[in-house]
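Residue strings, one per chain:
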Amino acid sequence: MLDVFHYHEATKHRVGRYAKSAGHMDWENEPAPLRIFDGAETVKLPFLEKDPDASYDEIFQRRLPSKGITLCTAANFLELSLALAAWKSYGGSAWALRINPSSGNLHAEETYVLMPEAENSAALYHYNPYFHVFEKRAAVDAATWKMAEDYFGVRGFFIVMSSIHWREAWKYGERAFRYACLDIGHAVAAMSVSASLFGLKATALCDMSCSDIAALLGTEKTQWIEYEEEVPETVLFIHEHTEAQIPRGMPCEIIECFKSQHFAGMPNRLSKTHVSWDIIKTISRATEKPKTEFLKGAHTVKRTEISATLKTASHVIRTRRSGQMYDSASDMPLNEFISILSRTLPGTLPFNADIYPTQGAVFVHLLVYVHRVAGLPQGIYMFVREDGEAAGMRGRMSPDFLWDDICKSGGVPLYLLRRGNFGNIAAMISCGQEIAGDGAFSISMISRFAVDGASYMYRRLFWEAGMIGQMLYLEAEARGFRGTGIGCFFDDEVHKLLGLQDNYYQCLYNFTIGNALEDKRLTTLAAYHHLSGSGRANALEK
């Protein structure tokens, strides 16, 4: 337990002292963005011939028809969750953007798919988003796969996630573990949304231990380059809808089968040399999850009025981008502001994936800095995502706060704490980044720091924050705005603003939304223009 509190305190940015990092950009050793398993059989995945017609609103309002559990469905699901979204180029350099966001576009996460193949057998594949291919790491016999199908009682496939901490540590140093956890949350939300678009549902197998997930991945049987090893994170079951309760773990017999599997392929080297960050290894070990038992509960679903959008879900997913500059002038309509916040409420997509061992658990709430929302006074507000938490917050935060219920009849848990222009304060808190004050509003995600007796919860708190971040990105895009995740902030300046005296609540992630200014120096290329013969070569997006 001491390791969690020590790590969190040690990696706080403070005014005058940032968390430890290399202190410079060592471009010679920038990690390769692509994990390849040399020697593994490659399976080319089909691209969508036509994007689904479903509107963005529909995926939240009703169950769409299932596309079935096939290789094509899995490929399409990945294309609209974890694949490339576009390339940007400038001055002779080009870089890829993905559907799912990542701190610094570094993408610590790696993805594996366990799914059926021919003659009732199955296989574990590594997903390579740069070429949209599978790399076959292990074969699974028919008897083992039938055991899994019988146990879960519904057709589906499994997504197994891991993290390479070095990818983030190269740039961000000891704070990188936080960002890697946020990236898992971004990815879980992206996959939950994509699953819904194909008539499927994502359920986290939150009972599983890290050691069992490691067995599925074959991490103990893989010869990793030192500092480039993959750390097991979570498993999602992507399945057809059912009224039956989905198991949240895997039988020991299946895990044992994987322990005796042969895993094909050697991981490529990502960097020539490395810097050792022992604190990351320590916190990674300290937050490994043991096997747990899922506590059934009920999802609390708040019915709030959400304004309609006219875009298709696939368009919103593909065009999500991080805003780099905001115009510091445009107002956001109040109904759009309320709709964006309301989409982060628990109980519905993507939060019904249940990343916590207790169904419907909620820990993260939103401190909102309102800069330019038509019809709403400037000030700081608290968006309380769980019923009953407001009372606890009032007892721990500044006694001078108003706690004025803004939407008394609308069921929207938004409370005005203090009036005033907080644009400069929001920018200062976000390490002096002006974008935090130039948008329509910005956010600090405040979490009940629920890690006592369960260190593994530390990762999941950041996962929840990352999931909220992904929904803010999509909502902003759907409504004609842009969002930006901000990992650099002065933690304790947020806490001082709220009048917090202890670590019961902690800030995990900042975010801003507004009217973005386009950088016209950049050229945008289609996601897979580099694949000759793919039918997408040399396509330019305007």
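Coordinates for the structure precede this section.
Criteria and thresholds
Residues numbered from 1 in each chain as written. Predicted model: local features only at pLDDT ≥ 70, side-chain atom pairs only at ≥ 80, totals over all residues. Heavy atoms only, no water. Helix = DSSP H or I, 4+ residues; strand = E, 2+ residues; numbered from the N terminus. Rg over C-alpha atoms; globule rule 2.2 N^0.38 Å. Buried < 20%, exposed > 50% of the residue type's maximum accessible area, 1.4 Å probe, protein only. Axes fitted to C-alpha atoms, helices over the stretch in contact; angles between N-to-C directions. Parallel < 35°, antiparallel > 145°, perpendicular 65-115°, else oblique. Left-handed = near helix turned anticlockwise from the far one by under 90°. Contact = heavy atoms within 4.5 Å. Nonpolar A, V, L, I, M, F, W, Y, C, P; charged D, E, K, R; others polar. Disulfide = S-S within 2.5 Å. Pairing = 2+ DSSP bridges. Core = buried A, V, L, I, M, F, W, Y, C linked by side-chain atoms within 4.5 Å. Expected span 1.5 Å × (residues − 1). Polar contact = N/O pair within 3.5 Å; in protein donor to acceptor, adjacent residues only side chain to side chain. Salt bridge = Lys/Arg side-chain N within 4 Å of Asp/Glu carboxyl O.

## Topic: the overall build of the chain
For the chain, the count of helices and strands is 16 helices and 19 strands. Taking 2.2 N^0.38 as the reference for a compact globule, 542 residues should give roughly 24 Å; the C-alpha atoms of the chain span a radius of gyration of 22 Å, in line with that estimate. The C-alpha extent of the chain, read off along each of the three principal axes, is 65 × 50 × 50 Å. A burial count over the chain gives 61% of its 542 residues as buried.

## So, the packing of helix α5 (residues 165-172) against helix α6 (residues 176-197)
It is the contact of α5 with α6, at a shortest axis distance of 8 Å, that shows an interaxial angle of 130°. Viewed along their axes, α5 and α6 adopt a mutual orientation that is oblique. In this structure, α5 meets α6 at a crossing whose hand is right-handed. Two secondary-structure elements touch here, α5 through H165, E168, A169 and Y172 and α6 through A176, F177, Y179, A180 and D183. Looking at the contact of α5 with α6 residue by residue, the classes come out as six nonpolar, one polar and two charged.

## A closer look at the state of the cysteines
Taken as a whole and assessed by the stated rule, the structure comprises one disulfide. Not engaged in a disulfide, the cysteine C206 finds its nearest cysteine sulfur in C210; these two sulfurs lie 13 Å apart. Residue class for C206 comes out buried when judged on its relative accessible area of 3%.

## As for the pairing of strand β16 (residues 441-448)
Of all eight residues in β16, eight are buried; the element is thus mostly enclosed. Burial along β16 is two-sided: F441, I443, M445 and S447 facing one way and S442, S444, I446 and R448 facing the other are all buried. Two elements, strand β12 (residues 364-370) and β16, share seven bridges in a ladder whose sense is antiparallel. Bridged to Y369 within β16 is S442.

## Section: helix α3 (residues 71-79)
Judged by how many residues are buried, α3 sits mostly within the fold: seven of nine residues are covered. Of all the positions in α3, only T73, A74, A75, N76, F77, L78 and E79 are classed as buried.

## Things to note about the nonpolar core
Judged by nonpolar contacts, the single largest core of 121 residues is most densely connected at F157, F337, V368, F441 and M445. Residue contributions to this core peak at 14 residues, all from helix α15 (residues 457-478). In this structure F441 touches M332, F337, I340, L341, V368, Y369, V370, H371, T512 and I513, once residues within four positions along its chain are discounted. Formed by 29 residues, the second largest nonpolar core is a distinct cluster that contains A122, A215, I246 and I254.

## Observations concerning the sheet that holds strand β2 (residues 41-44)
Read across the sheet, seven strands follow the order β2-β7-β6-β5-β8-β10-β9 without closing on themselves; strand pairing throughout is antiparallel. Each edge of the sheet is formed by a strand with only one pairing partner; in this case those strands are β2 and β9 (200-204). Pairwise comparison of adjacent strand axes, ignoring direction, gives a mean angle of 30° for this sheet. Judged from the eight bridges that link them, strand β8 (residues 156-163) and strand β10 (residues 231-240) form a sheet pairing that is antiparallel. The residue bridging V160 from the neighbouring strand is V235, located in β10.

## Section: the side chain of T309
Its place among the elements puts T309 in the loop between α9 (278-286) and α10 (313-319). The buried category is assigned to T309, whose relative accessible area is 9%. If we skip the residues at most four places from it in the chain, T309 touches Y56, D57, A478 and R479.

## A short note on α15
Think of an α-helix as 3.6 residues a turn; residues three or four steps apart then line up on the same face. With 22 residues, α15 ought to run about 32 Å at 1.5 Å a step, and its terminal C-alpha atoms sit 32 Å apart, in line with that. Counting buried positions along α15 yields 22 of 22 residues, so the element is predominantly enclosed. Positioned one or two residues after α15, G480 has a phi angle of 85°, which is positive.

## Details of the environment of K88
As for its placement among the helices and strands, K88 is situated in strand β3 (residues 84-90). When residues no more than four places from it in sequence are discounted, the contact partners of K88 are S93, A94, W95, L97, L522, T523 and T524. A polar atom in the side chain of K88 sits 2.7 Å from the side chain of T524.

## Considerations on the pattern of salt bridges
Should their charged atoms come close, side chains of opposite charge can pair. Considering all chains together, one arrives at 34 salt bridges under this definition. Where K12 meets E9, a salt bridge forms, and the shortest distance between an N and an O atom there is 2.8 Å. For E9, a relative accessible area of 32% puts it in the partly exposed group. Its salt-bridge partner being E493, residue K496 comes within 3.3 Å of it at the nearest N-O pair. With a gap of three residues between them, K496 and E493 both fall in helix α16 (residues 491-498), about one helical turn apart. When salt bridges that share partners are traced, they join D57, E336, R343, E475 and R479 into one network.

## What to know about the pairing of strand β15 (residues 412-419)
A regular strand places its side chains so that they alternate between the two faces of the sheet. Taken across its eight residues, β15 has six buried, putting it largely inside the fold. Sheet analysis places strand β13 (residues 379-383) next to β15, joined by five bridges and oriented antiparallel. Looking at β15, one finds that M382 is bridged to Y415. Pairing geometry for strand β14 (residues 404-407) and β15, over three bridges, is antiparallel. If you follow D404 over to β15, its bridge partner there is L416.

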